[in-house]
Amino acid sequence: MRIPNSLSSRYFFAAAALLPLLLGFSGYSLDKVFHESLLSAEKDALKAHMYMLIGSTEPGENTLELPPAFAEPRFSSADSGLYAKVSDGNHRNVWRSLSLTLTDKNTNTRFTYPGADTSIEPGVFHFRQITWQGKHYYLLSYKTIWDLDKEREFRFDILHTQDTLKKELRRYRNSLWIWLGGMSVILLFSQWLIVRWSLLPLGSLAKDIIGLNSGEQKRLRGDYPREIQPVTDNLNTVLNVEQTQRERYKNTLADLAHSLKTPLAIIQGATSQNGTNKSAHDIERTVTEQVQRMSDIVTHQLQRATLHSHTLVKNKVSIFKLVGRLSQALQKVYQEKKIHFTNDVEEALFISGDENDFMEVFGNLMENAFKYGLTQVCVSSIKEDHLHQIIIEDDGPGIDKKLHKDILKRGARADTATAGQGIGLAVAVDIISSYNGALSTGESSLGGAKIVVALPENPN
(Lines give C-alpha, C1' and ligand atoms only; values in the text may rest on other atoms or scores of the structure.)
Protein backbone atom coordinates (compact mmCIF):
# COMPACT_ATOMS: atom_id res chain seq x y z
CA MET A 1 0.00 0.00 0.00
CA ARG A 2 1.43 3.35 -1.05
CA ILE A 3 0.85 6.13 1.49
CA PRO A 4 -0.22 9.44 -0.14
CA ASN A 5 2.47 12.10 -0.08
CA SER A 6 0.84 14.44 2.44
CA LEU A 7 1.54 15.37 6.04
CA SER A 8 -1.97 14.51 7.23
CA SER A 9 -1.85 11.08 5.57
CA ARG A 10 1.55 10.32 7.02
CA TYR A 11 0.45 11.32 10.50
CA PHE A 12 -2.82 9.38 10.24
CA PHE A 13 -1.23 6.17 8.94
CA ALA A 14 1.58 6.40 11.48
CA ALA A 15 -0.98 6.79 14.28
CA ALA A 16 -3.08 3.95 12.83
CA ALA A 17 -0.02 1.69 12.83
CA LEU A 18 1.10 2.66 16.33
CA LEU A 19 -2.30 2.72 17.99
CA PRO A 20 -2.96 -1.08 17.84
CA LEU A 21 0.42 -1.70 19.46
CA LEU A 22 -0.28 0.72 22.28
CA LEU A 23 -3.85 -0.48 22.81
CA GLY A 24 -2.76 -4.11 22.54
CA PHE A 25 -0.07 -3.61 25.16
CA SER A 26 -2.53 -1.72 27.37
CA GLY A 27 -5.15 -4.45 26.96
CA TYR A 28 -2.62 -7.19 27.75
CA SER A 29 -1.39 -5.32 30.84
CA LEU A 30 -4.90 -4.67 32.14
CA ASP A 31 -5.93 -8.29 31.48
CA LYS A 32 -2.88 -9.58 33.32
CA VAL A 33 -3.46 -7.30 36.31
CA PHE A 34 -7.15 -8.26 36.47
CA HIS A 35 -6.31 -11.97 36.21
CA GLU A 36 -3.80 -11.69 39.03
CA SER A 37 -6.32 -9.83 41.14
CA LEU A 38 -8.88 -12.62 40.56
CA LEU A 39 -6.32 -15.23 41.59
CA SER A 40 -5.48 -13.26 44.72
CA ALA A 41 -9.18 -12.95 45.56
CA GLU A 42 -9.64 -16.68 44.93
CA LYS A 43 -6.78 -17.55 47.25
CA ASP A 44 -8.13 -15.26 49.97
CA ALA A 45 -11.60 -16.81 49.66
CA LEU A 46 -10.20 -20.34 49.97
CA LYS A 47 -8.18 -19.29 53.03
CA ALA A 48 -11.37 -18.00 54.64
CA HIS A 49 -13.02 -21.38 54.02
CA MET A 50 -9.90 -23.08 55.39
CA TYR A 51 -10.03 -21.07 58.61
CA MET A 52 -13.72 -21.93 58.98
CA LEU A 53 -12.98 -25.61 58.41
CA ILE A 54 -10.13 -25.73 60.92
CA GLY A 55 -12.14 -23.67 63.41
CA SER A 56 -14.98 -26.23 63.26
CA THR A 57 -12.64 -29.18 63.87
CA GLU A 58 -12.67 -30.93 67.26
CA PRO A 59 -10.21 -33.57 68.48
CA GLY A 60 -11.70 -37.03 68.97
CA GLU A 61 -10.39 -40.43 69.93
CA ASN A 62 -7.21 -40.81 67.88
CA THR A 63 -8.74 -38.72 65.15
CA LEU A 64 -10.54 -35.45 64.32
CA GLU A 65 -14.25 -34.81 64.24
CA LEU A 66 -15.97 -32.29 61.96
CA PRO A 67 -19.64 -31.37 61.60
CA PRO A 68 -21.51 -32.89 58.64
CA ALA A 69 -22.60 -29.47 57.31
CA PHE A 70 -21.38 -25.86 57.31
CA ALA A 71 -22.87 -22.44 56.84
CA GLU A 72 -21.51 -22.39 53.29
CA PRO A 73 -24.25 -24.31 51.37
CA ARG A 74 -21.95 -25.32 48.52
CA PHE A 75 -20.14 -27.76 50.85
CA SER A 76 -23.41 -29.71 51.02
CA SER A 77 -24.49 -29.69 47.35
CA ALA A 78 -23.47 -32.17 44.67
CA ASP A 79 -21.45 -30.71 41.77
CA SER A 80 -21.34 -27.35 43.55
CA GLY A 81 -17.71 -26.87 42.57
CA LEU A 82 -16.58 -26.31 46.18
CA TYR A 83 -15.25 -29.36 48.01
CA ALA A 84 -13.31 -30.08 51.21
CA LYS A 85 -11.46 -33.09 52.58
CA VAL A 86 -9.40 -33.95 55.64
CA SER A 87 -6.86 -36.80 55.62
CA ASP A 88 -4.35 -38.15 58.07
CA GLY A 89 -0.61 -38.58 57.74
CA ASN A 90 -1.13 -41.78 55.73
CA HIS A 91 -3.41 -39.98 53.23
CA ARG A 92 -6.45 -41.85 54.52
CA ASN A 93 -9.77 -40.03 54.45
CA VAL A 94 -10.78 -38.62 57.83
CA TRP A 95 -13.64 -36.47 56.60
CA ARG A 96 -15.15 -35.33 53.31
CA SER A 97 -17.67 -32.61 52.63
CA LEU A 98 -21.08 -33.80 51.51
CA SER A 99 -20.51 -32.05 48.15
CA LEU A 100 -17.41 -34.16 47.52
CA THR A 101 -19.10 -37.38 48.71
CA LEU A 102 -22.04 -36.80 46.34
CA THR A 103 -19.76 -35.87 43.44
CA ASP A 104 -16.94 -38.40 43.86
CA LYS A 105 -18.44 -41.94 43.71
CA ASN A 106 -15.09 -43.40 44.73
CA THR A 107 -15.53 -44.59 48.33
CA ASN A 108 -11.89 -45.51 48.78
CA THR A 109 -10.29 -44.16 51.92
CA ARG A 110 -7.53 -42.44 49.94
CA PHE A 111 -7.58 -39.12 48.10
CA THR A 112 -8.60 -39.54 44.52
CA TYR A 113 -7.55 -36.28 42.82
CA PRO A 114 -4.10 -35.04 41.71
CA GLY A 115 -1.90 -33.56 44.39
CA ALA A 116 -3.66 -35.40 47.22
CA ASP A 117 -0.53 -37.32 48.20
CA THR A 118 1.95 -34.45 47.60
CA SER A 119 4.13 -33.79 50.62
CA ILE A 120 3.68 -30.32 52.12
CA GLU A 121 5.11 -28.48 55.10
CA PRO A 122 2.99 -28.02 58.25
CA GLY A 123 1.66 -24.52 58.93
CA VAL A 124 2.10 -23.30 55.32
CA PHE A 125 -0.69 -22.68 52.79
CA HIS A 126 -0.12 -24.36 49.42
CA PHE A 127 -2.12 -22.97 46.51
CA ARG A 128 -2.05 -24.55 43.04
CA GLN A 129 -4.16 -25.49 40.01
CA ILE A 130 -5.17 -29.09 39.23
CA THR A 131 -7.33 -30.97 36.75
CA TRP A 132 -9.76 -33.51 38.20
CA GLN A 133 -12.42 -35.49 36.33
CA GLY A 134 -11.80 -33.37 33.23
CA LYS A 135 -12.35 -30.06 35.01
CA HIS A 136 -9.97 -27.40 36.30
CA TYR A 137 -9.80 -26.58 40.00
CA TYR A 138 -7.87 -24.48 42.47
CA LEU A 139 -6.52 -26.49 45.39
CA LEU A 140 -5.55 -24.99 48.75
CA SER A 141 -3.83 -27.38 51.17
CA TYR A 142 -2.83 -26.89 54.80
CA LYS A 143 -1.15 -29.41 57.17
CA THR A 144 -1.62 -29.27 60.97
CA ILE A 145 -0.29 -31.27 63.90
CA TRP A 146 -2.72 -32.37 66.63
CA ASP A 147 -1.80 -33.72 70.05
CA LEU A 148 -4.12 -36.74 70.48
CA ASP A 149 -2.79 -39.97 71.94
CA LYS A 150 0.36 -38.76 70.32
CA GLU A 151 1.23 -36.06 67.86
CA ARG A 152 -0.53 -36.72 64.57
CA GLU A 153 -0.49 -34.89 61.23
CA PHE A 154 -3.70 -34.00 59.45
CA ARG A 155 -4.10 -32.34 56.06
CA PHE A 156 -6.95 -30.07 55.05
CA ASP A 157 -7.74 -29.67 51.32
CA ILE A 158 -10.28 -27.37 49.71
CA LEU A 159 -11.05 -27.49 45.99
CA HIS A 160 -12.89 -24.84 44.03
CA THR A 161 -13.78 -25.00 40.36
CA GLN A 162 -12.19 -22.43 37.98
CA ASP A 163 -15.41 -22.05 35.99
CA THR A 164 -16.61 -19.04 37.98
CA LEU A 165 -13.29 -17.22 37.65
CA LYS A 166 -13.02 -18.00 33.94
CA LYS A 167 -16.53 -16.74 33.26
CA GLU A 168 -15.76 -13.49 35.08
CA LEU A 169 -12.48 -13.21 33.19
CA ARG A 170 -14.23 -13.76 29.85
CA ARG A 171 -16.82 -11.08 30.65
CA TYR A 172 -14.04 -8.68 31.60
CA ARG A 173 -12.06 -9.42 28.45
CA ASN A 174 -15.09 -8.98 26.22
CA SER A 175 -15.87 -5.64 27.83
CA LEU A 176 -12.22 -4.61 27.77
CA TRP A 177 -11.71 -5.22 24.04
CA ILE A 178 -15.05 -3.65 23.16
CA TRP A 179 -14.08 -0.51 25.05
CA LEU A 180 -10.54 -0.52 23.67
CA GLY A 181 -11.88 -1.00 20.15
CA GLY A 182 -14.31 1.88 20.60
CA MET A 183 -11.54 3.97 22.10
CA SER A 184 -9.27 3.26 19.11
CA VAL A 185 -11.97 4.46 16.71
CA ILE A 186 -12.54 7.60 18.76
CA LEU A 187 -8.78 8.25 18.99
CA LEU A 188 -8.25 7.80 15.26
CA PHE A 189 -11.13 10.13 14.46
CA SER A 190 -9.87 12.65 17.03
CA GLN A 191 -6.37 12.49 15.58
CA TRP A 192 -7.76 13.04 12.11
CA LEU A 193 -9.62 16.12 13.35
CA ILE A 194 -6.53 17.37 15.22
CA VAL A 195 -4.35 16.93 12.14
CA ARG A 196 -6.87 18.74 9.96
CA TRP A 197 -7.09 21.57 12.46
CA SER A 198 -3.32 21.74 13.00
CA LEU A 199 -2.60 21.93 9.27
CA LEU A 200 -5.13 24.67 8.56
CA PRO A 201 -2.40 27.37 8.76
CA LEU A 202 -0.52 25.57 5.99
CA GLY A 203 -3.63 25.81 3.82
CA SER A 204 -3.81 29.53 4.55
CA LEU A 205 -0.13 29.83 3.69
CA ALA A 206 -0.74 28.05 0.38
CA LYS A 207 -3.58 30.46 -0.44
CA ASP A 208 -1.39 33.45 0.40
CA ILE A 209 1.38 32.12 -1.84
CA ILE A 210 -1.17 31.69 -4.66
CA GLY A 211 -2.13 35.32 -4.03
CA LEU A 212 1.52 36.29 -4.35
CA ASN A 213 1.83 34.38 -7.61
CA SER A 214 -1.30 36.02 -9.04
CA GLY A 215 -0.16 39.49 -7.97
CA GLU A 216 -3.07 40.06 -5.58
CA GLN A 217 -0.69 40.73 -2.70
CA LYS A 218 2.99 41.54 -2.29
CA ARG A 219 3.77 39.81 1.00
CA LEU A 220 2.44 37.16 3.38
CA ARG A 221 0.08 38.85 5.82
CA GLY A 222 -1.50 35.90 7.67
CA ASP A 223 -1.30 35.42 11.43
CA TYR A 224 0.58 32.12 11.48
CA PRO A 225 1.54 29.87 14.43
CA ARG A 226 4.99 30.48 15.89
CA GLU A 227 6.30 27.24 14.35
CA ILE A 228 5.49 28.56 10.85
CA GLN A 229 6.18 32.24 11.53
CA PRO A 230 9.97 31.97 10.97
CA VAL A 231 9.29 30.45 7.54
CA THR A 232 6.85 33.20 6.56
CA ASP A 233 9.18 35.89 7.93
CA ASN A 234 12.05 34.56 5.85
CA LEU A 235 9.78 34.31 2.80
CA ASN A 236 8.77 37.93 3.29
CA THR A 237 12.43 38.86 3.59
CA VAL A 238 13.20 37.06 0.35
CA LEU A 239 10.23 38.76 -1.33
CA ASN A 240 11.35 42.19 -0.10
CA VAL A 241 14.89 41.59 -1.32
CA GLU A 242 13.63 40.37 -4.70
CA GLN A 243 11.31 43.36 -5.02
CA THR A 244 14.10 45.75 -4.05
CA GLN A 245 16.45 44.13 -6.55
CA ARG A 246 13.85 44.30 -9.31
CA GLU A 247 13.24 47.97 -8.52
CA ARG A 248 16.98 48.55 -8.57
CA TYR A 249 17.27 46.97 -12.03
CA LYS A 250 14.40 49.10 -13.27
CA ASN A 251 15.85 52.34 -11.89
CA THR A 252 19.32 51.47 -13.12
CA LEU A 253 18.11 50.88 -16.67
CA ALA A 254 16.23 54.18 -16.58
CA ASP A 255 19.28 56.01 -15.18
CA LEU A 256 21.56 54.35 -17.71
CA ALA A 257 19.36 55.37 -20.64
CA HIS A 258 19.12 58.91 -19.33
CA SER A 259 22.83 59.15 -18.59
CA LEU A 260 23.86 58.02 -22.07
CA LYS A 261 21.73 60.64 -23.81
CA THR A 262 24.14 63.52 -23.19
CA PRO A 263 27.40 61.84 -24.34
CA LEU A 264 25.58 60.36 -27.35
CA ALA A 265 24.26 63.79 -28.24
CA ILE A 266 27.77 65.28 -27.96
CA ILE A 267 29.22 62.56 -30.17
CA GLN A 268 26.43 63.02 -32.68
CA GLY A 269 27.04 66.78 -32.75
CA ALA A 270 30.79 66.39 -33.11
CA THR A 271 30.48 63.99 -36.02
CA SER A 272 27.56 65.72 -37.73
CA GLN A 273 28.23 67.11 -41.16
CA ASN A 274 26.33 70.26 -40.18
CA GLY A 275 28.52 70.84 -37.15
CA THR A 276 31.12 73.54 -36.79
CA ASN A 277 34.39 73.06 -38.57
CA LYS A 278 36.58 70.92 -36.35
CA SER A 279 39.77 69.14 -37.00
CA ALA A 280 39.91 65.36 -37.01
CA HIS A 281 42.04 65.56 -33.89
CA ASP A 282 39.35 67.56 -32.03
CA ILE A 283 36.62 65.17 -33.13
CA GLU A 284 38.71 62.18 -32.08
CA ARG A 285 39.44 63.74 -28.69
CA THR A 286 35.75 64.58 -28.15
CA VAL A 287 34.65 61.08 -29.12
CA THR A 288 37.35 59.53 -26.91
CA GLU A 289 36.32 61.65 -23.93
CA GLN A 290 32.63 60.83 -24.37
CA VAL A 291 33.32 57.12 -24.91
CA GLN A 292 35.35 57.10 -21.69
CA ARG A 293 32.55 58.93 -19.97
CA MET A 294 30.02 56.42 -21.29
CA SER A 295 32.26 53.61 -20.06
CA ASP A 296 32.36 55.18 -16.59
CA ILE A 297 28.58 55.58 -16.62
CA VAL A 298 28.02 51.95 -17.65
CA THR A 299 30.50 50.74 -15.02
CA HIS A 300 28.78 52.76 -12.33
CA GLN A 301 25.29 51.66 -13.28
CA LEU A 302 26.40 48.00 -13.44
CA GLN A 303 27.84 48.35 -9.95
CA ARG A 304 24.55 49.75 -8.73
CA ALA A 305 22.53 47.04 -10.46
CA THR A 306 24.67 44.18 -9.17
CA LEU A 307 24.84 45.25 -5.55
CA HIS A 308 24.16 41.80 -4.19
CA SER A 309 21.21 41.52 -1.89
CA HIS A 310 22.05 40.40 1.57
CA THR A 311 21.53 36.76 2.23
CA LEU A 312 19.66 35.49 5.25
CA VAL A 313 22.96 34.16 6.63
CA LYS A 314 25.19 37.10 7.57
CA ASN A 315 28.79 37.26 8.74
CA LYS A 316 30.31 39.47 11.37
CA VAL A 317 32.81 41.78 9.68
CA SER A 318 35.63 43.41 11.65
CA ILE A 319 35.71 47.03 10.48
CA PHE A 320 39.06 47.62 12.23
CA LYS A 321 40.79 44.86 10.25
CA LEU A 322 39.04 45.81 7.00
CA VAL A 323 40.17 49.45 7.30
CA GLY A 324 43.69 48.27 8.13
CA ARG A 325 43.92 46.14 4.98
CA LEU A 326 42.59 48.97 2.79
CA SER A 327 45.01 51.50 4.28
CA GLN A 328 48.01 49.27 3.56
CA ALA A 329 46.96 48.93 -0.09
CA LEU A 330 46.23 52.66 -0.52
CA GLN A 331 49.51 53.73 1.08
CA LYS A 332 51.30 51.73 -1.60
CA VAL A 333 49.22 53.33 -4.37
CA TYR A 334 49.80 56.86 -3.04
CA GLN A 335 53.29 56.17 -1.75
CA GLU A 336 54.72 59.40 -3.19
CA LYS A 337 52.30 61.52 -1.10
CA LYS A 338 53.59 59.97 2.16
CA ILE A 339 50.16 60.14 3.78
CA HIS A 340 50.14 59.65 7.55
CA PHE A 341 47.24 57.27 8.24
CA THR A 342 45.57 56.78 11.64
CA ASN A 343 43.24 53.86 12.35
CA ASP A 344 41.17 54.81 15.41
CA VAL A 345 38.36 52.31 14.72
CA GLU A 346 37.39 50.33 17.81
CA GLU A 347 38.87 46.85 17.53
CA ALA A 348 35.72 45.25 18.97
CA LEU A 349 33.54 46.79 16.23
CA PHE A 350 31.84 44.02 14.24
CA ILE A 351 28.90 44.59 11.88
CA SER A 352 26.71 41.90 10.30
CA GLY A 353 26.85 41.97 6.53
CA ASP A 354 28.79 41.05 3.41
CA GLU A 355 32.50 41.87 3.56
CA ASN A 356 32.57 42.70 -0.17
CA ASP A 357 29.93 45.40 0.39
CA PHE A 358 31.97 47.03 3.13
CA MET A 359 35.16 46.72 1.06
CA GLU A 360 33.38 48.58 -1.76
CA VAL A 361 32.09 51.33 0.56
CA PHE A 362 35.22 52.01 2.59
CA GLY A 363 37.46 51.37 -0.40
CA ASN A 364 35.77 54.17 -2.37
CA LEU A 365 35.63 56.57 0.58
CA MET A 366 39.19 55.96 1.76
CA GLU A 367 40.52 56.18 -1.80
CA ASN A 368 38.95 59.63 -2.12
CA ALA A 369 40.55 60.61 1.20
CA PHE A 370 44.00 59.42 0.09
CA LYS A 371 43.50 60.99 -3.34
CA TYR A 372 42.50 64.45 -2.13
CA GLY A 373 44.20 64.47 1.26
CA LEU A 374 47.51 66.30 1.55
CA THR A 375 49.35 64.67 4.43
CA GLN A 376 46.83 63.07 6.80
CA VAL A 377 43.96 60.59 6.67
CA CYS A 378 42.15 59.31 9.75
CA VAL A 379 39.41 56.70 10.17
CA SER A 380 37.67 56.53 13.55
CA SER A 381 34.46 55.17 15.06
CA ILE A 382 31.91 56.11 17.72
CA LYS A 383 28.61 54.62 18.86
CA GLU A 384 25.46 56.69 19.38
CA ASP A 385 21.87 55.46 19.88
CA HIS A 386 22.45 51.91 18.59
CA LEU A 387 24.28 53.30 15.55
CA HIS A 388 27.91 52.68 14.71
CA GLN A 389 29.46 55.71 13.04
CA ILE A 390 32.64 55.25 11.03
CA ILE A 391 34.27 58.59 10.18
CA ILE A 392 36.73 59.10 7.29
CA GLU A 393 38.63 62.40 7.41
CA ASP A 394 41.43 64.04 5.41
CA ASP A 395 43.26 67.37 5.31
CA GLY A 396 42.54 68.07 1.63
CA PRO A 397 40.46 70.85 0.02
CA GLY A 398 37.17 69.29 1.20
CA ILE A 399 33.79 69.24 -0.52
CA ASP A 400 31.94 72.35 -1.64
CA LYS A 401 29.10 73.03 0.83
CA LYS A 402 26.69 73.48 -2.08
CA LEU A 403 27.25 69.84 -3.06
CA HIS A 404 26.89 68.29 0.41
CA LYS A 405 23.24 67.30 -0.13
CA ASP A 406 23.16 66.70 -3.88
CA ILE A 407 26.23 64.53 -3.99
CA LEU A 408 24.73 62.04 -1.54
CA LYS A 409 21.33 61.66 -3.15
CA ARG A 410 20.68 57.98 -3.64
CA GLY A 411 20.65 57.11 -7.33
CA ALA A 412 22.48 60.26 -8.36
CA ARG A 413 23.47 59.90 -12.00
CA ALA A 414 27.12 59.77 -12.95
CA ASP A 415 26.82 62.70 -15.32
CA THR A 416 25.67 64.95 -12.45
CA ALA A 417 28.23 63.75 -9.91
CA THR A 418 31.31 65.73 -9.02
CA ALA A 419 34.22 64.62 -11.13
CA GLY A 420 36.42 62.11 -9.36
CA GLN A 421 34.10 61.58 -6.37
CA GLY A 422 30.54 61.24 -7.56
CA ILE A 423 30.61 57.66 -8.85
CA GLY A 424 32.30 56.24 -5.75
CA LEU A 425 29.98 58.15 -3.44
CA ALA A 426 26.89 57.11 -5.38
CA VAL A 427 27.86 53.45 -5.10
CA ALA A 428 28.61 53.87 -1.38
CA VAL A 429 25.24 55.54 -0.81
CA ASP A 430 23.42 52.67 -2.54
CA ILE A 431 25.19 50.01 -0.48
CA ILE A 432 24.81 51.79 2.86
CA SER A 433 21.12 52.46 2.14
CA SER A 434 20.58 48.75 1.48
CA TYR A 435 21.81 48.14 5.07
CA ASN A 436 19.34 50.71 6.44
CA GLY A 437 22.28 53.00 7.10
CA ALA A 438 23.10 56.56 6.07
CA LEU A 439 26.04 58.50 4.70
CA SER A 440 26.68 62.17 5.43
CA THR A 441 29.38 64.73 4.72
CA GLY A 442 30.90 67.57 6.66
CA GLU A 443 34.07 69.45 7.42
CA SER A 444 36.91 67.60 9.07
CA SER A 445 38.85 68.83 12.08
CA LEU A 446 41.91 68.14 9.91
CA GLY A 447 40.73 70.84 7.51
CA GLY A 448 39.42 68.69 4.66
CA ALA A 449 36.41 66.47 3.96
CA LYS A 450 34.63 64.33 6.51
CA ILE A 451 32.45 61.38 5.46
CA VAL A 452 30.34 59.70 8.16
CA VAL A 453 28.98 56.18 7.60
CA ALA A 454 26.20 55.33 10.08
CA LEU A 455 25.17 51.66 10.36
CA PRO A 456 22.76 50.00 12.81
CA GLU A 457 24.05 47.32 15.18
CA ASN A 458 22.13 44.59 13.33
CA PRO A 459 21.45 45.72 9.75
CA ASN A 460 18.44 44.00 8.13
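Residues numbered from 1 in each chain as written. Predicted model: local features only at pLDDT ≥ 70, side-chain atom pairs only at ≥ 80, totals over all residues. Heavy atoms only, no water.

1. Some details on the packing of helix H7 (residues 319–333) against helix H8 (residues 355–372)
Heads up, the condition is: The convention used is that axes are lines fitted to C-alpha atoms, helices contributing only their stretch in contact, and that angles between N-to-C directions extend from 0 to 180 degrees. We count a stretch as a helix when DSSP gives it H or I for four or more residues in a row; a strand needs E for two or more, and each element gets its number in order from the N terminus. To sort the angles, those under 35 degrees are grouped as roughly parallel, those over 145 as roughly antiparallel, those from 65 to 115 as roughly perpendicular, and the leftovers as oblique. In this scheme the handedness of a crossing depends on how the near helix is turned from the far one: anticlockwise by less than a right angle means left-handed, clockwise means right-handed. By definition, residues are in contact when any of their heavy atoms lie within 4.5 Å.
It is the contact of H7 with H8, at a shortest axis distance of 10 Å, that shows an interaxial angle of 45°. In terms of orientation, H7 and H8 fall into the oblique class. Here H7 and H8 pass one another in a crossing that is right-handed. Counted together, Ile319, Leu322, Val323, Arg325, Leu326, Ser327, Leu330 and Gln331 of H7 and Glu355, Phe358, Met359, Phe362, Gly363, Met366, Glu367 and Phe370 of H8 form the full contact between these two elements.

2. With respect to the sheet that holds strand E9 (residues 340–344)
Definition in use: Following DSSP output, two strands are said to pair if at least two bridges run between them.
The 5 strands are arranged E9-E11-E12-E14-E13 in an open sheet whose pairing can be described as mixed. On the outer flanks of this sheet lie E9 and strand E13 (438–443), each paired with one strand and no other. Between one strand and the next, the sheet's axes are offset by a mean angle of 20°, whatever the strand orientation. Pairing of strand E11 (residues 376–384) with strand E12 (residues 387–394) involves 8 bridges; the strand directions are antiparallel. Bridge pairing in E12 places Ile382 opposite Gln389. Together, E9, E11 and E12 form the strand contacts of H7, whose direction differs from that of E9 by roughly 175°. Against the sheet, H8 engages E9, E11, E12, E13 and strand E14 (449–456), with an angle of about 30° to E12.

3. Section: the nonpolar core
Just so we agree on the cut-off: Nonpolar core, defined: a set of buried Ala, Val, Leu, Ile, Met, Phe, Trp, Tyr and Cys residues in which side-chain atoms within 4.5 Å join the residues together. When accessible area is computed with a 1.4 Å probe and restricted to protein chains, residues below 20% of their type maximum are described as buried, those above 50% as exposed, and intermediate ones as partly exposed.
Judged by nonpolar contacts, the single largest core of 35 residues is most densely connected at Ile319, Phe358, Phe362, Leu365, Met366, Ile392 and Val453. Ranked by residues supplied to this core, first place goes to H8 with 7 residues. Every residue in contact with Val453, bar those within four places of it in the chain, is listed here: Val361, Phe362, Leu365, His388, Gln389, Ile390, Ile392, Ile432, Ala438 and Leu439. Ranked by size, the runner-up nonpolar core spans 23 residues in total, among them Leu38, Leu46, Leu148 and Leu169.

4. Some remarks on the pattern of salt bridges
Using the following cut-off: Put simply, a salt bridge is a Lys or Arg side-chain nitrogen that is within 4 Å of an Asp or Glu carboxyl oxygen.
Tallied over the full model, the rule gives 6 salt bridges. Of the charged contacts, one joins Arg92 and Asp88 as a salt bridge, the two residues approaching to 3.3 Å between their closest N and O atoms. Taking the relative accessible area as the measure of exposure, Arg92 reaches 40% and is therefore partly exposed. A salt bridge links Lys143 to Glu153; its shortest N-O distance comes to 3.5 Å. Here Lys143 is found in strand E6 (residues 135–147), whereas its partner Glu153 is found in strand E7 (residues 151–161), with 10 residues between them in sequence. Residue classification places Lys143 among the buried positions, given a relative accessible area of 14%.

5. A word on a positive patch on the surface
In plain terms, the rule: For patches, a residue must show more than 30% relative accessible area and have no salt bridge; joins then use 9 Å for like charges and 5 Å for nonpolar side chains, namely Val, Leu, Ile, Met, Phe, Trp and Tyr. What sets the accessible areas is the Shrake-Rupley method with a 1.4 Å probe; for residues, cover comes only from the shown protein chains. Here Asp and Glu are counted as negative and Lys and Arg as positive; His is not counted, and neither are the chain ends. For this purpose, a charge sits on NZ of Lys, CZ of Arg, CG of Asp or CD of Glu.
Together, Lys166, Lys167, Arg170 and Arg171 line one region of the surface with positive charge. Tracing the chain through its elements places Arg170 in helix H3 (residues 163–198). A relative accessible area of 47% means that Arg170 is categorised as partly exposed.

6. Details of unusual backbone geometry
Even without being a glycine, His91 presents a positive backbone phi close to 65°. Relative to the assigned elements, His91 resides in the loop between strand E3 (82–88) and strand E4 (93–96). For His91, a relative accessible area of 23% puts it in the partly exposed group.

7. Let's talk about the sheet that holds strand E5 (residues 126–132)
Within the open sheet, the 5 strands sit side by side as E4-E3-E7-E6-E5. Their pairing is antiparallel. Each edge of the open sheet is held by one strand with a lone partner, namely E4 and E5. Across the sheet, the mean angle separating the axes of adjacent strands is 25° when strand polarity is ignored.

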